[in-house]
Amino acid sequence: MSEYILKIKKKYWQFLIILKSSHWVYQKINNKKINKLNFKKGLFAVDIVSNMGLGANLHFALQIMFYCHENNLEPKLKFTRPNQKNTDNPFDYLFEQNSTENHPNIEFARIRNWSDLNIGIDWNFDQKLNFDISKILIQKHLKIKSRIHSIVDNFVEKNFKNRNVLGIHYRATDKKSEAILASYDYIERNIQYYLNLFPDTNSLFISTDDKGFISFIKGTFSHLEIITPNDTYVSKKNTSIHLSTQDINQMNQEALINILILSRCSALMKTASFMSAWSKLFKLDLPVILLTKSKEQYFFFPEREIAKDVLFEPVRNKKEIALEYTA
């Protein structure tokens, strides 16, 4: 009986896989029609369907904005979870989009990857992005909601006033599949090196998905003021926050707040992550120390550009150098 049930379950999952695949084949065909109609209106409306974190979704969005910039189109964006049932748009929860009152019923092309756009070009906009063009695109198309600016301003006024703050972003959980997971000792050594170079530093702002890291920093640098964000959502059982079933709007808002607070620090020391890389895009003169880099197949803009001009190369021992070389 149990073998029969297992066969039924296997058939069921195979059917779901085929059904899902068929859906995206149809969607790709439909996207071509949607884009054609929207292009005539001067629009490029794209729904990014993913379980990615905010930083990665914004990387997708920035490339779409660049395409619009080159083709005289107005971008309209959505972020949607694959199994999202409601009609909320997490992008609109964070950002103001330019009004399209003359086109109230816009249909969006839905994509999981660039080939789903079906616009007949080889998509290479990540390779074309740089700091200069990103500044133009962000100023034009990525206006942050005023409530978020208020939260960040109040936090900085309360916690950063009269302090010289080093921002630290330590990404753990699922990021270890894309980059080497930095050890606490490695982070400690580089913080101490920074403190030796900039002895007037009196505070550390810690943004992380690893609660243990905060405890480590507080114990190791007890002579400094340790500042942490007012985050509600935390990772559980080594699962990344953005892969949880928690409120996507609030999770994205907290991620954006962390990005903006990091951008207000005197310098940023970070491990590989799209999220904290966006801190540099929101403040291009922010000095950055890139402690780890993503593996080559994941080494995209903006970290690709950040790596060209860092405050200093991280201090590594022989074992860490070997790990970086073989990554």
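Anything mentioned here points back to the structure above.
For clarity, every value in this text was computed on a predicted model and none was experimentally measured.

Before we go on, may I ask you to explain the sheet that holds strand β7 (residues 203-208) in this structure?
The strands making up a sheet associate through hydrogen bonds between their backbones, and the pairing can be parallel or antiparallel. Spatially, the five strands line up as an open sheet ordered β8-β7-β6-β9-β10, and their pairing is parallel. Each end of this open sheet is capped by a strand with a single partner; those strands are β8 (225-227) and β10 (288-290). On average, each strand axis in the sheet is inclined to that of its neighbour by 20°, with strand direction left out of account. Direction of pairing for strand β6 (residues 165-170) relative to strand β9 (residues 267-270): parallel, over a ladder of four bridges. Pairing of L166 across the sheet is with A267, part of β9. Where helix α7 (residues 184-197) meets the sheet, it contacts β6, β7, β9 and β10, and its direction lies at approximately 160° from that of β6.

In this structure, what is going on with the nonpolar core? I would like to understand it.
One finds F44, L62, F160 and F205 to be the most contacted residues of the largest nonpolar core, which totals 56 residues. The set of elements that each furnish at least two residues to this core consists of β1 (43-49), α2 (54-71), β2 (74-80), α3 (90-94), α5 (131-141), α6 (146-159), α9 (248-263) and α10 (274-282). It is α2 that contributes the most residues to this core, 10 residues altogether. Listed in part, the 23 residues of the second largest apolar core include Y170, F221, A267 and F312.

Whenever I open this one, unusual backbone geometry confuses me. Can you help?
A negative phi angle characterises most non-glycine residues, just as the trans form characterises most peptide bonds. Backbone torsion omega between F301 and P302 reads 5°, so that peptide bond is classified as cis. Relative to the elements of secondary structure, P302 occurs in the loop between β10 and α11 (303-306). In this structure, N72 is a non-glycine residue whose phi angle is positive, near 55°. Positive phi values are uncommon outside glycine, yet N162 reaches one of about 60°.

Would you mind showing me how to read the packing of aromatic side chains here?
Pairs of aromatic rings are described using the distance from one ring centre to the other and the angle between the two planes. If you walk through the whole model with that rule in mind, you get 23 aromatic pairs. Ring centres 6.2 Å apart and planes at 5° place the aromatic pair F274 and F300 in the stacked group. Residue F274 is found in helix α10, and its partner F300 is found in the loop between β10 and α11; the two are separated by 26 residues along the sequence. Looking at F300, the relative accessible area reads 29%, which means it is partly exposed. Against the face of F108 rests K78, its NZ or CZ located 4.7 Å from the ring centre. A cation over an aromatic ring shows up here: K128 above the ring of F66, its NZ or CZ 5.6 Å from the ring centre.

Looking at this structure, I do not really get α6. What am I missing?
What sets the pattern is the α-helix's 3.6 residues per turn: residues three or four places apart point alike. With 14 residues, α6 extends 20 Å from end C-alpha to end C-alpha; this agrees with the ideal 20 Å at 1.5 Å per step. For α6, the full list of buried residues reads I148, V152, F155, V156 and N159. Buried residues along α6 cover an arc of 95° about the axis, so they all sit on one side. Exposed residues pointing more than 90 degrees away from the buried face of α6 are listed as S146, N154 and K158.

It is not clear to me how the sheet that holds strand β4 (residues 109-111) should be interpreted in this structure. Could you clarify?
Reading across from one edge, β2-β1-β4 is the order of the three strands in this open sheet, with parallel pairing throughout. In this open sheet, the two strands that pair with only one neighbour each are β2 and β4. On average, each strand axis in the sheet is tilted by 25° relative to the strand beside it, whichever way the strands run. The sheet contact formed by β1 and β2 spans seven bridges and is parallel. Bridged to F44 within β2 is P75. The strands touched by α2 within the sheet are β1, β2 and β4, with β2 carrying the most contacts at an inclination of about 160°.

What exactly am I supposed to notice about the environment of V165 here?
Mapped onto the elements, V165 comes out in strand β6. C-alpha of V165 to C-alpha of E225: the two residues are 60 residues apart in sequence and 8.9 Å apart in space. Apart from the residues lying within four places of it in its own chain, the contact partners of V165 are F160, S203, L204, F205, I227, C265, S266 and A267.

Whenever I open this one, the pairing of β1 confuses me. Can you help?
Regular strands show a simple pattern: their side chains alternate between the two faces of the sheet. Burial analysis of β1 places seven of its seven residues in the buried class, the great majority of the element. Side chains of β1 alternate between two faces, with L43, A45, D47 and V49 and F44, V46 and I48 buried alike. Crossover β1 to β2 through α2 is right-handed. Two elements, β1 and β4, share three bridges in a ladder whose sense is parallel. Among the inter-strand pairings, V46 is bridged to a residue of β4, identified as A109.

Definitions and cut-offs
Residues numbered from 1 in each chain as written. Predicted model: local features only at pLDDT ≥ 70, side-chain atom pairs only at ≥ 80, totals over all residues. Heavy atoms only, no water. Pairing = 2+ DSSP bridges. Helix = DSSP H or I, 4+ residues; strand = E, 2+ residues; numbered from the N terminus. Axes fitted to C-alpha atoms, helices over the stretch in contact; angles between N-to-C directions. Contact = heavy atoms within 4.5 Å. Core = buried A, V, L, I, M, F, W, Y, C linked by side-chain atoms within 4.5 Å. Buried < 20%, exposed > 50% of the residue type's maximum accessible area, 1.4 Å probe, protein only. Phe/Tyr/Trp six-rings, centres within 6.5 Å; stacked < 30°, edge-to-face > 60°. Lys NZ or Arg CZ within 6 Å of the ring centre and 35° of its normal. Expected span 1.5 Å × (residues − 1). Arc of directions from axis to C-beta. Right-handed = clockwise from strand over helix to strand, strands pointing away.

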